[in-house]
Amino acid sequence: MADVEVAVAGWDPDSAARLLEYFEEELARRRGEGTEPLLRVAIRLFRQSIRAYIGKAVDLAAMGCRATIENAGYAVLTHRRTGPSGRSKIPPGDPDRPSLYTLDEWEGVVAFGWIIRELRDRKVLDSALVEASFVVKDHGDGVAHFEARSDRTMFREFAKQHTAPWVAPSVAGDEAGILIDLGTTARVLLDLVSWDIAEGRRMTPQP
């Protein structure tokens, strides 16, 4: 995304608009048959996240970036290609779907950090995007869990009296940081699109 510059600091709706334009162009260029059904919700979430940022709803944009990557990663990890344009849900218990559910199927919860690490381990995302995705996660968490994190901060001084200090993670990023998160989210989505297309081509019968 070298041709999309972001501001050093502060709110920059023009850069966000250019990023959305770039994303749409790249999506149209990369998209292959059968890609849209798998990632359509994540793509919609990303578009809404950029529009939220442009409208200066920066906290919502931060949460939207987090939701986009989580949704897209989960979709990729829980589906298997059945042909050039088809896919099916990987059932619980299958070796390709480890640790996604607790013993009680209906109580299954998938941690976002697990999704990111699994995308790394399966070589769907490179290490730089994995690291950046954890930043997106932290910023989104900072908004969604603001009150809980405020409690952690309040107890910092008290916790210093103990042998195991209470560690409070960093708060959500500023407006420029969230614009960087939008760029990260765009790259993750585009890489997942490319990966999905490559999987489909791998299953295309060779002449």
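Residues numbered from 1 in each chain as written. Predicted model: local features only at pLDDT ≥ 70, side-chain atom pairs only at ≥ 80, totals over all residues. Heavy atoms only, no water.

Draft legend 1. The arrangement of the packing of helix 1 (residues 13-30) against helix 8 (residues 175-202) in detail. The geometry of helix 1 relative to helix 8 is characterised by a closest axis approach of 10 Å and an angle of 0 degrees between their N-to-C directions. In terms of their interaxial angle, helix 1 and helix 8 are classed as roughly parallel. Taking contact as the criterion, the partners of Ser15, Ala16, Leu19, Tyr22, Phe23, Glu26, Leu27 and Arg30 in helix 1 are, on helix 8, Leu179, Leu182, Gly183, Ala186, Leu189, Leu190, Asp191, Val193, Ser194 and Ile197. Along the lines of polarity and charge, the residues of the contact of helix 1 with helix 8 split into 12 nonpolar, 3 polar and 3 charged. (Axes fitted to C-alpha atoms, helices over the stretch in contact; angles between N-to-C directions. Helix = DSSP H or I, 4+ residues; strand = E, 2+ residues; numbered from the N terminus. Parallel < 35°, antiparallel > 145°, perpendicular 65-115°, else oblique. Contact = heavy atoms within 4.5 Å. Nonpolar A, V, L, I, M, F, W, Y, C, P; charged D, E, K, R; others polar.)

Draft legend 2. Quick look at the packing of helix 3 (residues 58-77) against helix 8. One way to put it is that helix 3 packs onto helix 8 with a least axis distance of 9 Å and a crossing angle of 20 degrees. Taken together, the axis directions place helix 3 and helix 8 in an arrangement best described as roughly parallel. Along this stretch, helix 3 crosses helix 8, giving a crossing that reads as left-handed. Note on element contacts: helix 8 touches helix 3 through Glu175, Ile178, Asp181, Leu182, Thr185, Val188, Leu189, Leu192 and Trp195, opposite Val58, Ala61, Ala62, Cys65, Thr68, Ile69, Ala72, Gly73 and Val76. Split by residue class, the contact of helix 3 with helix 8 holds 13 nonpolar, 3 polar and 2 charged. (Left-handed = near helix turned anticlockwise from the far one by under 90°.)

Draft legend 3. Examining the nonpolar core more closely. In terms of nonpolar packing, the biggest core is built from 44 residues, with Phe23, Leu39, Tyr53, Leu119, Leu182 and Leu192 touching the most fellow members. If you tally residues by element for this core, the top one is helix 8, at 10 residues. Aside from chain neighbours lying at most four places away, what touches leucine 182 is Leu19, Phe46, Ser49, Ile50, Tyr53 and Cys65. (Core = buried A, V, L, I, M, F, W, Y, C linked by side-chain atoms within 4.5 Å. Buried < 20%, exposed > 50% of the residue type's maximum accessible area, 1.4 Å probe, protein only.)

Function cannot be inferred from these measures alone, as they are strictly geometric.
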